[in-house]
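Here are the chains, one letter per residue:
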Amino acid sequence: MVSLSIFAASTADLLQPQPLKQQVFSRVSVQPFKLHRLLRQPSSSLLINKDIRPQVHVLDTVHLQTVENPASEPRFLLQKAFLEQLALQEAKRKPSDKPTDAAGRAIAHCLRNVQQVSQVDAYLHGLQLDPHAFTTAIQKLGHWKMVEQAFILFQWLRVQPDPDKQPNVFIVSSLLSAMKACRYFVHFNFVMDEVRRRCMEPNLVMYNIIIECYERQGCHADAMSYFVELVQRSLVPSYPTFKSLLWSAENSLNLRQLLTTFLSAKDALLEAGMQNAVEELRDAASAICSRIISVGMLENKGSDYIVRLLEMAEQSTLELSAPHYDQILWDCRSGYMHCAVAKHVMTQRWKVSPPVDVGLCNHVMQLMGTEKKWWAALEVFENMKEKGPPPDETSYSLIRSQFNFLLKASKERRTCRWNMQLLEKMEAHGIKPDQYAWDTTLVACALKVDPDLAVYVFEKMIEKGHQPNVLSYGALLSTLEKGGLYDRAEQVWKHMRKMRVKPNIRAYTIMISVYGASQKYEELRWLLNEMSAAKVNWTLITYNALITVCAKANNGQGALEWMQKLTGGGFEPDDTSYSQLVIALSKGGQAELAKTMFIRSRQLGLDVSPTAVNCLIKVCSACDIELPVDLVPQLEKPSSMEFGAFEDEPQSD
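Owing to the predicted nature of the structure, the values given are computational and were not obtained by experimental measurement. (Residues numbered from 1 in each chain as written. Predicted model: local features only at pLDDT ≥ 70, side-chain atom pairs only at ≥ 80, totals over all residues. Heavy atoms only, no water.)

What follows is about the UniProt feature "repeat: PPR" (unreviewed entry) in the protein. According to UniProt, the feature "repeat: PPR" (unreviewed entry) maps to residues 203-237, 357-391, 434-468, 469-503 and 539-573 in the numbering used here. Overall, residues 203-237 shows 74% helix and 0% strand. The separation of its end C-alpha atoms is 11 Å. Annotated as 77% helix and 0% strand, the span residues 434-468 places its first and last C-alpha atoms 12 Å apart. (UniProt positions renumbered as here; feature names shortened; annotations may be inferred. Helix = DSSP H or I, 4+ residues; strand = E, 2+ residues; numbered from the N terminus.)

Okay, here's the thing in structure tokens:
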């Protein structure tokens, strides 16, 4: 046997560029060779052994060439000598000392290229090593994905006469773990037959590995049988056990298989009285179930599909834990119709503890609002106030935003009474309506022409501490003007000026109609002068309002002048402009001019109102003037002008 000092010297000589000194190897008869031929191998590496004296730190681990007689190779002799020294060190180890991995790493390095059991025997024959060294060697080979070499070492161990060298639970577990990691199951059945032949009693770790190996091979029945055997042996399964048992369902994202396995494992645990293990099983299954659902949402499989998955889990008594419910809710996104999923999950989430996080509730409310599910968002808000957590400032801001959406939708449908009910509902929930909410309700009253409700809302707004703005006054003025309450409209106008609210062009336009309808032409003239002094930019509606005032006063010439100013201001006359002009000219007795304006409107593709047509027919008949060829008499219908289409509609926050 080569001594440690001789081995150290020979190792040092290998690092020199000169040929090997033959006298160092008294037992070796080889031709000299250069070191670079060893080091040029791509897998050459160093092995650091902290348990041997510092001078023995280097082991050349180049690939062993596959030869008939490895004992004839010089590198084999070096490796064999190193293993012998490690065996001597292990023999000197005290029983109380912790086993080291040096011998196991060295064995793994030496066996990387073996192809036969005889090659393993050439290295390890006669060495007295701790069984821990063989476990470490198989682990290292498995780490390098050399499962075949690990299995050859296992075959060598199983034929050894020394009981300490024969396979034990740790060696088999290491080999099966390597097979599992590499998904190399060629020799799996052979190893399992050896386990049964030796009547090994696996520990919990070995059971976990066996179960997952069967699952990875698609042998679910065998995996379940080993799980039942584990439980019957009174071994308490842990979270890794359940993850191994459910591996196939998780990998295939098969919820039905997951639930079937969950129920079978649950029955086995309950029969053995392992109630705590059932909770761990439920937690593992819950995590996989939530992942399956999240992947389904990510792939946009539809809300109905996801809800069916959730219902399947609930029917099989698999209640997801709070973190997994929360993860599904966070995965719900707008634009993918996840509102139904979020609503269903929130219903279940309220039933489990701990309470829902306020940020998650806000996320769900925002999602509902984005998808226009305002009532669902309100339901979440009500549950927060009833079950917790208490709404924060963001919650109130979000729910106020949802109410504003409802108010706007109600306004567009001209259901102003519903707007008022929404305001009352906001106050009932402790949500103070903002200026946008009040203004939207006033505009809804103007569109619906409900003066009484508009006045009530206006007074209520002031009572709640809100200062009316120009839009608030404009909406109330429009409602009163359309309702024919001209005197009350003048009172509101004076109050507006008293409160020093600067009128906009819409407010001026409404008051033009009010003064014109009440025939207060002096006030109208004063109003026009004020508009000129304030340099207010006029609109088409403003000019139409003045033409309409002239039509009601039978002032055809005035209407014609305002029409000329309208076109001179860069505006294109519309149906209302020509309709009111024809009415004004007809009532003023200017039949030819009225006929000319009517023909021009037709040439422009505009449709005058039936009232204007009737007025034109009457004046042409009275003046014995021929009617236009394409004129068809129509029943007179009352004309209407709506000045409620506000450009300055309230903008939500």
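Moving on, there is more to tell.
Among the structural elements, Gly104 can be located in helix 4 (residues 102-110). Remark: the alpha-carbon pair of Gly104 and Thr135, spanning 31 residues in sequence, is separated by 7.2 Å. Every residue in contact with Gly104, bar those within four places of it in the chain, is listed here: Ala133, Thr136 and Ala137. (Contact = heavy atoms within 4.5 Å.)

To continue, consider the packing of helix 15 (residues 275-298) against helix 17 (residues 322-331). At a closest axis distance of 9 Å, the pairing of helix 15 and helix 17 adopts a crossing angle of 10 degrees. Classified by the angle their axes make, helix 15 and helix 17 are roughly parallel. Here Asp283, Ser286, Ala287, Ser290, Ile293, Ser294 and Met297 of helix 15 come into contact with helix 17, specifically with His324, Ile328 and Asp331. Within the contact of helix 15 with helix 17, the residues separate by chemical class into 4 nonpolar, 4 polar and 2 charged. (Axes fitted to C-alpha atoms, helices over the stretch in contact; angles between N-to-C directions. Parallel < 35°, antiparallel > 145°, perpendicular 65-115°, else oblique. Nonpolar A, V, L, I, M, F, W, Y, C, P; charged D, E, K, R; others polar.)

Below, the discussion takes up the packing of helix 9 (residues 188-197) against helix 10 (residues 204-216). Where helix 9 contacts helix 10, the two axes come as close as 12 Å, and the packing angle between them is 145 degrees. Handedness of the crossing formed by helix 9 with helix 10: left-handed. Mapping the contact onto sequence places Phe188, Met192, Val195 and Arg196 in helix 9 and Met206, Ile210, Cys213 and Tyr214 in helix 10. Each residue belonging to the contact of helix 9 with helix 10 can be placed in one class, and the counts come to 7 nonpolar, no polar and 1 charged. (Left-handed = near helix turned anticlockwise from the far one by under 90°.)

With that settled, consider the packing of aromatic side chains. In this description, a pair of aromatic rings is defined by centroid distance and the angle of the planes. Taken as a whole and assessed by the stated rule, the structure comprises 18 aromatic pairs. With centroids separated by 4.9 Å and ring planes inclined at 70 degrees, the aromatic side chains of Phe76 and Tyr123 adopt a geometry described as edge-to-face. Taken together, the residues Phe76 in helix 3 (residues 74-92) and Tyr123 in helix 5 (residues 117-124) connect sequence positions 47 residues apart. What makes Phe76 buried here is its relative accessible area of 4%. Tyr123 sits in the buried class, given a relative accessible area of 0%. Plain terms: the ring middles of Trp538 and Tyr543 are 5.1 Å apart, the flat faces sit at 50 degrees to each other, and that makes the pair tilted. Residue Trp538 is classed as buried on the basis of its relative accessible area of 19%. (Phe/Tyr/Trp six-rings, centres within 6.5 Å; stacked < 30°, edge-to-face > 60°. Buried < 20%, exposed > 50% of the residue type's maximum accessible area, 1.4 Å probe, protein only.)

As a further point, take helix 29 (residues 540-552). Taking 1.5 Å of rise per residue, 13 residues should cover 18 Å, and helix 29 covers 18 Å from first to last C-alpha, within 8% of that figure. By the criterion of burial, helix 29 is predominantly enclosed, with 10 of the 13 residues buried. All of the buried residues in helix 29 are Thr542, Tyr543, Asn544, Ala545, Leu546, Ile547, Thr548, Val549, Cys550 and Ala551. Here the buried face of helix 29 lies against helix 27 (505-517), helix 28 (521-534), helix 30 (556-568) and helix 31 (575-587). A positive phi of about 55 degrees marks Asn554, the residue just after helix 29. (Expected span 1.5 Å × (residues − 1).)

Time to look at helix 28. Because the α-helix completes a turn every 3.6 residues, residues three or four places apart line up on one side. When the terminal C-alpha atoms of helix 28 are compared, their 20 Å separation across 14 residues agrees well with the 20 Å that a helix rising 1.5 Å per residue should span. All buried positions along helix 28 are accounted for by Leu524, Leu527, Leu528, Glu530 and Met531. Axial view of helix 28: buried residues confined to an arc of 160 degrees, hence all on one face. Pointing more than 90 degrees away from the buried face of helix 28 are the exposed residues Glu522, Ser532 and Ala533. Summarising the contacts, the buried residues of helix 28 are in contact with helix 26 (486-498), helix 27, helix 29 and helix 30. (Arc of directions from axis to C-beta.)

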